[in-house]
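The primary structure of each chain is shown beneath.
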Amino acid sequence: MANTLGGVNLAAIAEQTLDYLGSNFFHLSAFVRDFSTEINQEGQSVTTRVPSSVTTQDLSDGYDVQDVTSTAKAITLSNFKGHVHGFTDLEVSKAGNEGWLQRVFVEPAVEATVKTVMDDLLALVTNANFSANSVITAANFDSDDLADMAGALSTAKVPKSVRSALLPPTYNASLQKDAAIQDAAAYGTPEAIRDHSAGFIHGFGINEYQDIPTNSENLMGFVCHPSALLIAARQVANPLSPRVQVINAVEPKTGLPIQFRSWYERDLGQYKTSMGLLYGVSVGNATALKRILSA
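The shown structure was predicted, so the numbers you read here are calculated from the model rather than taken from an experiment. (Residues numbered from 1 in each chain as written. Predicted model: local features only at pLDDT ≥ 70, side-chain atom pairs only at ≥ 80, totals over all residues. Heavy atoms only, no water.)

## Focus on the nonpolar core
Argument step 1. Ranked by size, the top nonpolar core spans 54 residues in total, and within it Met118, Phe141, Leu146, Phe204 and Leu229 carry the most contacts.
Argument step 2. When residues of this core are assigned to their parent elements, the largest contribution, 7 residues, is made by helix H2 (residues 98-122).
Argument step 3. The residues touching Leu229, leaving out its near neighbours within four places in the chain, are Phe31, Val32, Arg33, Leu121, Leu124, Val125, Phe130, Ser282, Gly284 and Leu289.
Argument step 4. One finds Phe35, Val46, Leu230 and Ala232 within the second-largest nonpolar core, a separate group that totals 5 residues. (Core = buried A, V, L, I, M, F, W, Y, C linked by side-chain atoms within 4.5 Å. Buried < 20%, exposed > 50% of the residue type's maximum accessible area, 1.4 Å probe, protein only. Helix = DSSP H or I, 4+ residues; strand = E, 2+ residues; numbered from the N terminus. Contact = heavy atoms within 4.5 Å.)

## Concerning the packing of aromatic side chains
Argument step 1. For the coordinates displayed, the defined rule picks out 3 aromatic pairs.
Argument step 2. Their ring planes at 55° and their centres at 4.7 Å tell us that Tyr264 and Tyr271 sit as a pair that is tilted.
Argument step 3. Judged by relative accessible area, Tyr264 falls into the partly exposed class, the value being 34%.
Argument step 4. Note on Tyr271: relative accessible area 26%, which makes it partly exposed. (Phe/Tyr/Trp six-rings, centres within 6.5 Å; stacked < 30°, edge-to-face > 60°.)

## Some remarks on the environment of Glu265
Argument step 1. With respect to the helices, strands and loops of the structure, Glu265 is situated in strand E12 (residues 257-265).
Argument step 2. For Glu265, a relative accessible area of 26% gives the class partly exposed.
Argument step 3. C-alpha separation for the pair Glu265 and Gly86, spaced 179 residues apart in sequence, amounts to 9.2 Å.

## Looking at the confidence of the model for the protein chain
Argument step 1. Mean pLDDT over the protein chain works out to 80, with 78% of the residues at or above the 70 mark.
Argument step 2. Across residues 4-21 the pLDDT falls below 50, and counting only partners more than four positions away or on other chains, this stretch makes 18 contacts in the model. (pLDDT = per-residue confidence, 0-100.)

## Quick word on the pattern of salt bridges
Argument step 1. All chains considered together, the criterion is met by 4 salt bridges.
Argument step 2. Note that Asp120 and Lys81 form a salt bridge whose closest N and O atoms lie 3.1 Å from each other. Separated by 39 residues along the polypeptide, Asp120 in helix H2 and Lys81 in strand E4 (residues 79-88) bring together distant segments of the chain.
Argument step 3. Residue Asp120 is classed as partly exposed on the basis of its relative accessible area of 21%.
Argument step 4. Among the residues examined, Lys81 registers a relative accessible area of 32% and is labelled partly exposed.
Argument step 5. The salt bridge partner of Asp119 is Lys115, with a shortest N-O separation of 3.0 Å. You can see Asp119 and its partner Lys115 sitting in helix H2, 4 residues apart, about one turn around the helix.
Argument step 6. Judged by its relative accessible area of 29%, Asp119 is partly exposed. (Salt bridge = Lys/Arg side-chain N within 4 Å of Asp/Glu carboxyl O.)

Dropping the structure here:
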């Protein structure tokens, strides 16, 4: 293994690493129901349910029982993923500080770990799981389209509370250029021009994400209630070895629990740092999400 460590052995820039060019992750709570506390200590899965609709009946002749059904939704802790990097004694000697050398690469490593979770979650947004969709190109996407999708979710009896939209930069840019949104006098806020953010539009919290997969179905984004997608995660068990430094942390943007480990491999002459996450994802309420397709 050979690392490419341009610039890391220059003490003059030891604490001046350039801003990392990474993704802007979104608040998971806006898009998923989190069942992590259900399996905080033990168990490999958690099961919730989606109840079917029921009807009323005439009770004047008695209390006849009606059948009710629910559909089980299981979230299994089937994914154990993360990242490990290691630096040789020679590399650390050139850098002058093993702790600083590790910190330089922590942010991109955390992003790689979190992005894996996002990839697995968004891979569920397919026609097979969520058949409702609207076909809209980026150039034509505007607030009227969000109004139509809000109406479609309401018709499907999806609660109006906590609805969100996840959009790629091209669709969000088109939305922010909508005259109805940029007009502060009509919209009541200048965020579209000042911050490239319109906050809430037709009941949807607007979130931008650069890495939405097409899923080979021209997927560009979607609108949903958080009951549409499910996630569960647990901190990795602490190792028993006293030679391993362990820090359990929560990634602040997504709320995902990540475990960091640091240790020295004497036989290899390597300083190693790892980060790991145990999690599972699943489809929730199939009527609570509507996909945005480009074609």
